[in-house]
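Here is how the chains run, residue by residue.
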Amino acid sequence: METVRINKYLAQCGVCSRREADRRIAAGQVSINGKTAGPGSRVCPGDTVAVGGRALRGRNENVVLAYYKPVGVTCTERDRFADRMVTQEIGYPVRVTYAGRLDKDSEGLLLLSNDGDLIQRMMKGKNGHEKEYIVKTKQIVTREFLEQMAAGVYLRELQIKTRPCRVEQIGKYTFRIVLTQGLNRQIRRMCRELSVDVVQLKRIRVVNITADGLKPGVFREVTGEERAALYRAVEQNG
């Protein structure tokens with residue numbers, strides 16, 4: 001890597017635009033090898049650059065994050081009226097995008113990455129990547145309801161029938177469901193078609209990544225064999 005101005009380096013890492021980088025540098029939020037960077041600072045091979053105290057991985061390194069999205073946090077940045085957005089909540093120094101959104105009223109596991117190919121493969125419903133949820137309902141969960149959900153439900157609003165899926169009762173008002181497609185607000189729509197109201201919807205797994213140990217609002221980096229297994233599964237089914 002050739003030496004490069006710090007604002008350009010931050011932009012190449014996907015942290016922010018050069019203009020935003022200049023603002024962060026002026027605010028003293030950027031350091032190189034532990035020393036606060038200035039507007040004219042340059043990054044050399046082997047240097048450690050940090051933003052807000054968090055070291056960057058470098059321009060060509062991909063990251064995968066497992067984040068527990070709380071209720072009330074919005075995924076899409078297109079919602080200009082949203083009070084809380086995922087990217088702002090986690091404050092990660094590299095620009096990441098979610099792979100499969102969760103609506104504002106739902107909670108649980110959300111995967112984010114700066115690997116565009118990974119995200120594209122995971123977002124394609126035809127690839128059949130599993131997503132597991134725990135759902136609490138206002139009405140009692142019946143055998144008939146579970147059978148109808150498992151067989152697929154025709155969504156009049158979208159004019160499509162959902163794929164067959166795995167469903168199991170785990171409580172009087174609670175069931176577990178594993179989907180292999182990602183229609184907008186799919187579970188809520190399926191339940192509504194069957195006259196069942198969703199009280200709480202929590203995603204606990206995406207492919208092989210689980211929300212185990214994560215508290216609402218907390219994220220962790222997916223690394224090692226867990227990350228390798230995710231890539232293998234996505235490439236195999238993609």
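Structure first, text after, so check above.
The following refers to the structure shown. Quantities reported herein were computed from a predicted structural model and do not represent experimental measurements. (Residues numbered from 1 in each chain as written. Predicted model: local features only at pLDDT ≥ 70, side-chain atom pairs only at ≥ 80, totals over all residues. Heavy atoms only, no water.)

**Some thoughts on the pairing of strand S7 (residues 64-69)**
Thinking step 1. Here S7 lies mainly inside the structure; 6 of its 6 residues are buried.
Thinking step 2. The two faces of S7 match: Val64, Ala66 and Tyr68 on one face and Leu65, Tyr67 and Lys69 on the other face are all buried.
Thinking step 3. Pairing analysis gives 6 bridges linking S7 to strand S9 (residues 107-113), with the strands arranged antiparallel. When the bridges of S9 are listed, Tyr67 appears paired with Leu110.
Thinking step 4. Where S7 and strand S17 (residues 219-221) come together, 3 bridges link them in antiparallel fashion. In the sheet register, Leu65 faces S17, and the bridge partner there is Glu221. (Buried < 20%, exposed > 50% of the residue type's maximum accessible area, 1.4 Å probe, protein only. Helix = DSSP H or I, 4+ residues; strand = E, 2+ residues; numbered from the N terminus. Pairing = 2+ DSSP bridges.)

**A few points about the packing of aromatic side chains**
Thinking step 1. A complete count under the given rule lists 2 aromatic pairs for this structure.
Thinking step 2. Both rings, one in Tyr92 and one in Phe219, keep their centres 5.8 Å apart while their planes meet at 85 degrees; by these two values the pair is edge-to-face. Of the two residues, Tyr92 sits in the loop between helix H3 (86-90) and strand S8 (97-98) while Phe219 sits in strand S17, which places them 127 residues apart along the sequence. The burial state of Tyr92 is the same as that of Phe219; both residues are buried. (Phe/Tyr/Trp six-rings, centres within 6.5 Å; stacked < 30°, edge-to-face > 60°.)

**So, the nonpolar core**
Thinking step 1. Core analysis: the biggest nonpolar cluster contains 30 residues, and Ile6, Leu10, Val49, Leu56 and Leu112 have the highest contact counts within it.
Thinking step 2. Broken down by secondary-structure element, the contributors of at least two residues to this core are helix H1 (6-12), helix H2 (18-26), strand S2 (30-32), strand S5 (49-51), S7, H3 and S9.
Thinking step 3. With near-sequence residues (within four places) excluded, Leu10 lies in contact with Val15, Cys16, Ala21, Val30, Val49, Val51 and Leu56.
Thinking step 4. Membership of the second largest hydrophobic core comes to 20 residues, among which are Tyr133, Val135, Val141 and Val196. (Core = buried A, V, L, I, M, F, W, Y, C linked by side-chain atoms within 4.5 Å. Contact = heavy atoms within 4.5 Å.)

**Concerning the pattern of salt bridges**
Thinking step 1. A full pass over the atoms with the stated rule returns 16 salt bridges.
Thinking step 2. Several salt bridges converge on common partners, so that one network encompasses Glu130, Glu132, Arg166, Glu168, Arg176 and Arg205. (Salt bridge = Lys/Arg side-chain N within 4 Å of Asp/Glu carboxyl O.)

**Examining the sheet that holds S5**
Thinking step 1. Spatially, S3-S2-S5-S6 is the arrangement adopted by the 4 strands of the open sheet, whose pairing is antiparallel. Every interior strand has two partners, whereas the edge strands, strand S3 (35-36) and strand S6 (54-55), have only one.
Thinking step 2. Pairing of S2 with S3 involves 2 bridges; the strand directions are antiparallel. Across the sheet, residue Ile32 finds its bridge partner in S3, namely Lys35.

**A word on helix H5 (residues 143-151)**
Thinking step 1. Taken together, the buried positions of H5 are Phe145, Leu146 and Met149. Summarising the axial view, the buried residues of H5 lie within an arc of 100 degrees, below the 170-degree limit, and thus occupy one face. Exposed positions of H5 whose direction lies more than 90 degrees from the buried face are Arg143, Glu144 and Glu147.
Thinking step 2. Where the residues of H5 are buried, they touch strand S13 (166-171), strand S14 (174-179) and helix H6 (186-193).
Thinking step 3. Gly152 lies just past H5 and shows a positive phi near 110 degrees. (Arc of directions from axis to C-beta.)

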